[in-house]
Amino acid sequence: MKRIVLVTGGSTGIGKAVAARFRADGDTVIITGRNAERLAATAAEIDVRSIACDATDPGQVADLAAELGEHLDVLVNMAGGNTDLQRPGEPESLEEVMAAWRENLDANLLSAVATTTAVLDKLRPGGTIVNIGSIGAEYASTSYGAAKAALAAWNAGLSAQVGPKGLTANLIAPGYIEETEFFHGQLGEQKRTALIGATHNGRAGRPGDIAETVHFLASEGAGHITGQTLHVNGGAYTTR
Ligand SMILES: NC(=O)c1ccc[n+]([C@@H]2O[C@H](COP(=O)([O-])OP(=O)(O)OC[C@H]3O[C@@H](n4cnc5c(N)ncnc54)[C@H](OP(=O)(O)O)[C@@H]3O)[C@@H](O)[C@H]2O)c1
């Protein structure tokens, strides 16, 4: 069955790979992002529809929901990133520290809460929600890791909420993934080598690793997997 798939943050990196993966099945795919020009270019490249939307803005998210059709089968809350990497210098005043924390919570937690809330009624039984967390939630981290940890906690509650409607909700926590704009040019060679060195398979993750995992979670065979965090990191963080 052809599905209708919404991927927030689909212009670049992992989101683009996820959108392309579903499109390869012939699914109808919609991607969102803030930079309308870049979003439209990606949509044309991978043959999907695009709707410009800042997932942290409730008005824009409501407009997105209104623009979508009646039904959705897959929602991938990909929009996010470490907003600390996008700001020059460290926050100093208490106001600046709190603003910096709010930015990461908005970008990584409330973006997913807003989009999910706005489109929940469109998701058909058999459908799935995939939230994108981070290995950063497991390590000494700042507001970014805290926001992704909160996303995982919310995902568990979301699963309980949507299970009776025939939907699943899971979170994928990627380790270091190359070929994305996540680090905004701030990943030095030493740090990159350390991130790869922490894996068991000795390589960086690729957007396709996450795309295949999302695709599996949206498959019929994954129908009994819900409320879970799936770590995709080459062994850089292990579970029991
Ligand atoms: N790369 C890694 O190593 C890694 C590891 C763990 C988790 N992650 C997570 O994976 C997800 C995808 O990141 P990526 O690595 O693919 O980096 P990326 O290339 O920077 O992609 C992020 C995408 O999200 C969009 N976006 C950001 N904020 C948005 C917002 N408020 N509303 C709508 N779109 C928004 C960006 O486009 P616009 O700027 O045009 O909006 C961009 O297309 C993020 O949630 C990130 O935290 C990444």
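Look up: the structure comes first, before these words.
Below, the structure is looked at part by part. Keep in mind the model is a prediction, meaning the values are calculated, not measured.

Definitions and limits used
- Residues numbered from 1 in each chain as written.
- Predicted model: local features only at pLDDT ≥ 70, side-chain atom pairs only at ≥ 80, totals over all residues.
- Heavy atoms only, no water.
- Phe/Tyr/Trp six-rings, centres within 6.5 Å; stacked < 30°, edge-to-face > 60°.
- Buried < 20%, exposed > 50% of the residue type's maximum accessible area, 1.4 Å probe, protein only.
- Helix = DSSP H or I, 4+ residues; strand = E, 2+ residues; numbered from the N terminus.
- 1 Å grid on protein atoms, 1.4 Å probe; cavity = no way out; pocket = protein on both sides within 12 Å on 5 of 7 lines; lining within 4 Å.
- Points joined across faces, edges and corners; volume = space filled by probe spheres on them.
- Nonpolar A, V, L, I, M, F, W, Y, C, P; charged D, E, K, R; others polar.

**Considering the packing of aromatic side chains**
So, point 1. Counting across every chain of the model gives 4 aromatic pairs.
So, point 2. A ring pair is formed by Y176 and F183, whose centres lie 5.8 Å apart and whose planes are at 65°; its orientation type is edge-to-face.

**Some thoughts on unusual backbone geometry**
In most cases, non-glycine residues show a negative phi, while peptide bonds are predominantly trans.
So, point 1. With a phi angle near 60°, E179 is a residue other than glycine that sits in the positive phi range.
So, point 2. Of the residues examined, E179 reaches a relative accessible area of 60% and is grouped as exposed.
So, point 3. A positive phi angle, near 50°, is found at H184, a position not held by glycine.
So, point 4. Residue position: H184 is located in the loop between strand 6 (168-174) and helix 6 (189-197).
So, point 5. Residue class for H184 comes out partly exposed when judged on its relative accessible area of 42%.

**Side note on the layout of surface pockets**
So, point 1. Here the second largest pocket is characterised by a volume of approximately 350 Å³.
So, point 2. Forming the boundary of the second largest pocket are 18 residues, of which R3, G126, A218, S219 and E220 lie nearest the centre.
So, point 3. Going through the elements one at a time, strand 4 (72-77) and strand 5 (123-132) are the ones with two or more residues in the lining of the second largest pocket.
So, point 4. At 5 residues, strand 5 tops the list of elements feeding residues into the lining of the second largest pocket.
So, point 5. Here the lining of the second largest pocket is composed, by residue class, of 5 nonpolar, 7 polar and 6 charged.

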